[in-house]
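Chain by chain, the residues run as shown.
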Amino acid sequence: MALTPKQAARQLDRLRGIALALPEATEEVTWGTDVNFRVRKKIFCFPGDGGSLMVKAERDELPALLGDPRVRPAPYLARGGWVVMDLSAGVDWDEVTELIHTSYCLI
(Lines give C-alpha, C1' and ligand atoms only; values in the text may rest on other atoms or scores of the structure.)
Protein backbone atom coordinates (compact mmCIF):
# COMPACT_ATOMS: atom_id res chain seq x y z
CA MET A 1 0.00 0.00 0.00
CA ALA A 2 1.53 3.30 -1.09
CA LEU A 3 1.83 6.21 1.28
CA THR A 4 0.22 9.53 0.52
CA PRO A 5 2.71 12.37 -0.01
CA LYS A 6 1.69 13.79 3.38
CA GLN A 7 2.28 10.45 5.15
CA ALA A 8 5.65 10.03 3.44
CA ALA A 9 6.69 13.57 4.44
CA ARG A 10 5.76 12.87 8.08
CA GLN A 11 7.76 9.67 8.07
CA LEU A 12 10.73 11.40 6.44
CA ASP A 13 10.62 14.05 9.16
CA ARG A 14 10.65 11.33 11.82
CA LEU A 15 13.56 9.53 10.12
CA ARG A 16 15.37 12.86 9.91
CA GLY A 17 14.90 13.39 13.66
CA ILE A 18 16.33 9.96 14.47
CA ALA A 19 19.35 10.33 12.18
CA LEU A 20 20.23 13.93 12.99
CA ALA A 21 20.12 13.27 16.73
CA LEU A 22 23.31 11.23 16.35
CA PRO A 23 26.67 12.93 16.99
CA GLU A 24 28.13 14.74 13.96
CA ALA A 25 25.27 13.61 11.72
CA THR A 26 24.42 15.85 8.77
CA GLU A 27 21.88 15.82 5.98
CA GLU A 28 22.75 16.23 2.33
CA VAL A 29 20.81 16.15 -0.90
CA THR A 30 22.69 14.46 -3.72
CA TRP A 31 21.92 13.23 -7.21
CA GLY A 32 19.29 15.92 -7.58
CA THR A 33 16.71 15.06 -4.92
CA ASP A 34 18.08 12.15 -2.87
CA VAL A 35 18.24 12.88 0.84
CA ASN A 36 20.97 11.08 2.75
CA PHE A 37 22.39 11.28 6.23
CA ARG A 38 26.12 11.28 6.83
CA VAL A 39 28.68 11.14 9.57
CA ARG A 40 32.08 12.62 8.73
CA LYS A 41 31.01 12.82 5.06
CA LYS A 42 30.17 9.09 4.85
CA ILE A 43 26.57 8.07 4.17
CA PHE A 44 24.92 5.93 6.83
CA CYS A 45 21.26 6.21 5.80
CA PHE A 46 19.13 6.86 2.73
CA PRO A 47 15.55 7.59 3.83
CA GLY A 48 14.11 7.90 0.32
CA ASP A 49 10.91 9.94 0.37
CA GLY A 50 9.92 8.46 3.74
CA GLY A 51 8.39 5.29 2.32
CA SER A 52 11.56 3.22 2.60
CA LEU A 53 14.86 3.18 4.41
CA MET A 54 18.28 2.05 3.17
CA VAL A 55 20.89 1.26 5.82
CA LYS A 56 24.01 -0.80 6.34
CA ALA A 57 23.36 -3.86 8.51
CA GLU A 58 25.60 -6.09 10.58
CA ARG A 59 26.65 -9.17 8.59
CA ASP A 60 25.33 -11.58 11.22
CA GLU A 61 21.94 -9.82 11.18
CA LEU A 62 21.49 -10.02 7.40
CA PRO A 63 19.82 -13.47 7.28
CA ALA A 64 17.16 -12.44 9.82
CA LEU A 65 16.59 -9.08 8.15
CA LEU A 66 16.33 -10.59 4.68
CA GLY A 67 13.87 -13.14 6.04
CA ASP A 68 11.48 -10.25 6.71
CA PRO A 69 9.21 -9.61 3.70
CA ARG A 70 9.65 -5.85 4.16
CA VAL A 71 13.42 -6.07 3.64
CA ARG A 72 15.42 -6.71 0.47
CA PRO A 73 19.06 -6.33 -0.55
CA ALA A 74 19.87 -2.75 -1.53
CA PRO A 75 20.49 -2.16 -5.24
CA TYR A 76 24.21 -1.73 -5.98
CA LEU A 77 25.13 -1.78 -2.26
CA ALA A 78 24.00 -5.23 -1.10
CA ARG A 79 27.53 -6.58 -1.40
CA GLY A 80 28.51 -4.16 1.36
CA GLY A 81 25.72 -5.31 3.66
CA TRP A 82 23.14 -2.64 2.79
CA VAL A 83 19.41 -3.40 2.89
CA VAL A 84 16.21 -1.55 2.01
CA MET A 85 13.20 -1.72 4.31
CA ASP A 86 9.73 -0.89 2.99
CA LEU A 87 8.01 1.47 5.42
CA SER A 88 4.74 1.81 3.54
CA ALA A 89 2.78 -0.81 5.48
CA GLY A 90 3.42 0.51 8.99
CA VAL A 91 6.53 1.23 10.97
CA ASP A 92 8.01 -0.15 14.17
CA TRP A 93 9.91 2.99 15.15
CA ASP A 94 12.04 1.18 17.75
CA GLU A 95 13.21 -1.22 15.04
CA VAL A 96 13.88 1.63 12.60
CA THR A 97 15.82 3.54 15.26
CA GLU A 98 17.96 0.49 15.95
CA LEU A 99 18.66 0.00 12.22
CA ILE A 100 19.69 3.64 11.80
CA HIS A 101 21.89 3.57 14.91
CA THR A 102 23.56 0.31 13.80
CA SER A 103 24.26 1.73 10.34
CA TYR A 104 25.70 4.88 11.88
CA CYS A 105 28.04 2.83 14.10
CA LEU A 106 29.14 0.63 11.19
CA ILE A 107 30.02 3.66 9.10
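Use the structure listed above.
Residues numbered from 1 in each chain as written. Predicted model: local features only at pLDDT ≥ 70, side-chain atom pairs only at ≥ 80, totals over all residues. Heavy atoms only, no water.

Moving on, we get to the side chain of Asn-36. Tracing the backbone shows Asn-36 in strand β2 (residues 34-39). Polar side-chain contacts of Asn-36 include one of 2.8 Å to the side chain of Thr-30. (Helix = DSSP H or I, 4+ residues; strand = E, 2+ residues; numbered from the N terminus. Polar contact = N/O pair within 3.5 Å; in protein donor to acceptor, adjacent residues only side chain to side chain.)

On to the nonpolar core, then. Core analysis: the largest hydrophobic core is formed by 24 residues, its most contacted members being Phe-44, Leu-53, Val-96 and Ile-100. Listed by contribution, the elements that provide at least two residues to this core are α1 (5-20), β2, β3 (42-46), β4 (52-56), α2 (62-66), β6 (82-86) and α3 (93-106). The greatest single-element share of this core, amounting to 5 residues, is contributed by α3. In this structure Val-96 touches Leu-15, Ile-18, Leu-53, Met-85, Leu-87 and Val-91, once residues within four positions along its chain are discounted. Ile-43, Phe-46, Ala-74 and Trp-82 belong to the second-largest nonpolar core, a separate cluster that totals 6 residues. (Core = buried A, V, L, I, M, F, W, Y, C linked by side-chain atoms within 4.5 Å. Buried < 20%, exposed > 50% of the residue type's maximum accessible area, 1.4 Å probe, protein only. Contact = heavy atoms within 4.5 Å.)

With that out of the way, let us pick up the environment of Leu-15. Structurally, the position occupied by Leu-15 is in helix α1. Sequence separation between Leu-15 and Phe-37 is 22 residues; the distance between their C-alpha atoms is 9.8 Å. If near-sequence neighbours (up to four positions away) are discounted, Leu-15 is found in contact with Phe-37, Pro-47, Gly-50, Ser-52, Leu-53, Leu-87, Trp-93, Val-96 and Ile-100.

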